[in-house]
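Fold and geometry: a report
Chain by chain, the residues run as shown.
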2 protein chains.
Amino acid sequence: MGEIQARMEAALARLLPNAQVAPARLHEAMRYAVLEGGKRVRPLLVFAAGEVTQARSERLELAAAAVEVIHAYSLVHDDLPCMDDDVLRRGKPTVHVEYDEPTALLVGDALQTLAFQLLAEHRASEDAATQLEMVRLLAVAAGSRGMAGGQQIDLESTGKTLTLAELEFMHIHKTGALIRAAVLLGAACGKPLAEAERAKLDRYAKALGLAFQVVDDLLDAEASTATLGKTAGKDSKQGKSTYVAVLGAHRTRELARELGAEAHAALDGLGPRAARLSSLADFVVLRKF
Amino acid sequence: MGEIQARMEAALARLLPNAQVAPARLHEAMRYAVLEGGKRVRPLLVFAAGEVTQARSERLELAAAAVEVIHAYSLVHDDLPCMDDDVLRRGKPTVHVEYDEPTALLVGDALQTLAFQLLAEHRASEDAATQLEMVRLLAVAAGSRGMAGGQQIDLESTGKTLTLAELEFMHIHKTGALIRAAVLLGAACGKPLAEAERAKLDRYAKALGLAFQVVDDLLDAEASTATLGKTAGKDSKQGKSTYVAVLGAHRTRELARELGAEAHAALDGLGPRAARLSSLADFVVLRKF
């Protein structure tokens, strides 16, 4: 895992615009927003799913970079004063604090564009039609019926108490869609999948996406700001519904384990090529609690 | 021209997410940002360039929608309080005034995604490789070395007096890149172009993109808010360099005519298929002064 993380860091450093090229401040801030940050869960998923279809790692790097750059853009815009107004991310000042607010807006905008540019300009799959399908998958996952839509549902839910079903609906969009895209894009970098195999990956990704959010809610409630590298406890402070608020910590922990088991079950029949996806399910569910 | 504008309005209404579909408020605001707005100069350019390569109009609609949706996203983010803080656009309250600031942020984000989704999910060209090249062209034009980069240069230039060369550099990015993309995408919808023909279109697009901005500066300085449908005179109020400020109104008017002549000259040898591009050059240069 550490090997893939190091490989991704190098790939992102290479694929992001050079900070010497004009407009230098924008490019420097884009690099600040993406590099040296996070656990790279989505890239790890891209690589793990690529094992299932025996994809080449240069291709996986590219797909992983596109997904991670979309994720980074969403964090930069999320942290803006008009959204979560947060000052700390991955243990560093957020982009609008380190630079300024208009630059942070443009960093997010330009990172989103870069994700699609990467998929259009380099070869991540066997043929142009598959590559175009990867652009489509990423766009649907990031757009108004995916991640951005989930953000809007989150905005509108603030201050309300959501039911478990509503909470799940929000997270399937807000975090689940991009997690699912990571798995499907990774698989698309290799040999074509049979429909039944693709359905297994989809079921895995859906369970894992929710598990990821459930564990995030637990960590937000229980860990310290220093451990998280971002402001702890802010969801409840901002009047947002969380799994912990709706279910209590004990039942939330159980739910995380159930979703982890569901992710494992989904991989049944994919054989040893799915071993890394299986480990990642444990990594997501068992991190720090 | 009116016919294409009406056709575009219908195409955009069809291609934007339905306002009944969740998240409904986001989708409604996305439609508000795009529909019933503007002269649709970029779509007109897509259609006019498509005549050069005898492209089918269903394809041109799609490419034009992608370009216009990118343009619309950039306006929504431009108008935000942390950028130009503007309240009026196309004769209507700006998105963050009509809705709210976080929604406007997400509207811009989701519109950008939609542009790439449109190009990935529908067929605008002969084959997948050409279509992927269209995604690439649009991404390069919109990104940090195109439109978003131009915005950053604009931010950093505010309060400074630019030279004519610096002003031109800014506008080649800020508005020129997307105008150029409109022309090249329109041409890409039809038969392949010879390299020399493509170079002519490129020269045309570059001249027209600058002409467009030069005329915008004249209108901003001389027309009323009611005529423009957006706040007049705001560039000079915000301490931004304009062609009028750098050259004076008389010389700016001459420059607009020179750039118009340059655009016409670029079309030499393309024959009657370029007639509509030629008329559009007049439309851009001669509008309202």
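It should be emphasised that the depicted structure is a prediction, and the values quoted were computed from it without experimental measurement.

Some details on the relation of the copies chain A and chain B
Aligned on chain B, chain A shows an RMSD of 0.0 Å; the corresponding rotation is 180° and the shift along the axis is 0.0 Å. The transformation relating the two chain copies, once decomposed into turn and shift, fits a two-fold axis. In terms of C-alpha distance to the rotation axis, chain A has Ala128(A) as its closest residue, with the C-alpha 2.7 Å off the axis. Comparing contact sets, 100% of the residues at the interface of chain A also lie at the interface in chain B, consistent with an isologous, same-surface contact.

Some remarks on the interface of chain A and chain B
Each side of the interface is counted separately: chain A has 46 residues, and chain B has 46 residues. Both sides of the chain A and chain B interface together cover about 3900 Å² of buried area, and 72% of this is carbon and sulfur. The three residues of chain A that bury the most area against chain B are Leu106(A), Leu132(A) and Gln152(A), which together make up 15% of that side's buried surface. In this assembly, chain A and chain B are joined by 2 salt bridges. Remark: the boundary between chain A and chain B carries 8 residue pairs in polar contact (both at pLDDT 80 or more). Broken down by secondary-structure element, the contributors of at least two residues to the side of chain A that touches chain B are α2 (24–34), α4 (57–78), α6 (101–121), α7 (128–142) and α8 (147–157) of chain A. Considering every element that reaches the side of chain A that touches chain B, the biggest residue donor is α6(A), with 14 residues. Here the side of chain A that touches chain B is composed, by residue class, of 27 nonpolar, 12 polar and 7 charged.

Focus on the nonpolar core
With 175 residues, the main nonpolar core has Leu111(A), Tyr204(A), Leu111(B) and Tyr204(B) as its most contacted residues. Residues contacting Leu111(B), with those up to four places away along its chain left out, are Leu16(B), Met30(B), Ala33(B), Val34(B), Val69(B), Ala72(B) and Tyr73(B).

Let's talk about the packing of helix α6 (residues 101–121) of chain B against helix α7 (residues 128–142) of chain B
All names here are of chain B. One way to put it is that α6 packs onto α7 with a least axis distance of 9 Å and a crossing angle of 165°. Judged by the angle between their axes, α6 and α7 are roughly antiparallel. Of the two elements, α6 crosses α7, and the hand of that crossing is right-handed. Across from Ala115, Phe116 and Leu119 in α6, the residues of α7 making contact are Gln131, Met134, Val135, Leu138 and Ala139.

Description of the pattern of salt bridges
Pairing is possible between side chains of opposite charge, provided their charged atoms come close. Using the criterion set out here, one finds 42 salt bridges over all chains in the structure. Notably, a salt bridge pairs Glu68(A) with Arg40(A), separated by 2.9 Å at the nearest N-O pair. On the criterion of sequence distance, the pair formed by Glu68(A) in helix α4 and Arg40(A) in the loop between α2 and α3 (41–52) is long-range, its members being 28 residues apart. Two residues, Arg89(B) and Asp79(B), come together in a salt bridge whose shortest N-O distance is 2.9 Å. Of the two residues, Arg89(B) sits in strand β1 (residues 88–89) while Asp79(B) sits in the loop between α4 (57–78) and β1, which places them 10 residues apart along the sequence.

Remarks on the environment of Arg203(A)
Residues and elements named next belong to chain A. Here Arg203 is to be found in helix α10 (residues 195–222). Assessed through its relative accessible area of 39%, Arg203 is described here as partly exposed. For the pair Arg203 and Ala266, spaced 63 residues apart in sequence, the C-alpha to C-alpha distance is 5.9 Å. Non-local contacts of Arg203, meaning those with residues more than four positions away in its chain, are made with Glu262, Ala265 and Ala266.

Criteria and cut-off values
- Residues numbered from 1 in each chain as written.
- Chains lettered and ligands numbered in written order.
- Predicted model: local features only at pLDDT ≥ 70, side-chain atom pairs only at ≥ 80, totals over all residues.
- Heavy atoms only, no water.
- Least-squares fit on C-alpha atoms with pLDDT ≥ 70 in both.
- Contact = heavy atoms within 4.5 Å.
- Buried area = accessible area lost by both parts, 1.4 Å probe.
- Salt bridge = Lys/Arg side-chain N within 4 Å of Asp/Glu carboxyl O.
- Polar contact = N/O pair within 3.5 Å; in protein donor to acceptor, adjacent residues only side chain to side chain.
- Helix = DSSP H or I, 4+ residues; strand = E, 2+ residues; numbered from the N terminus.
- Nonpolar A, V, L, I, M, F, W, Y, C, P; charged D, E, K, R; others polar.
- Core = buried A, V, L, I, M, F, W, Y, C linked by side-chain atoms within 4.5 Å.
- Buried < 20%, exposed > 50% of the residue type's maximum accessible area, 1.4 Å probe, protein only.
- Axes fitted to C-alpha atoms, helices over the stretch in contact; angles between N-to-C directions.
- Parallel < 35°, antiparallel > 145°, perpendicular 65-115°, else oblique.
- Left-handed = near helix turned anticlockwise from the far one by under 90°.

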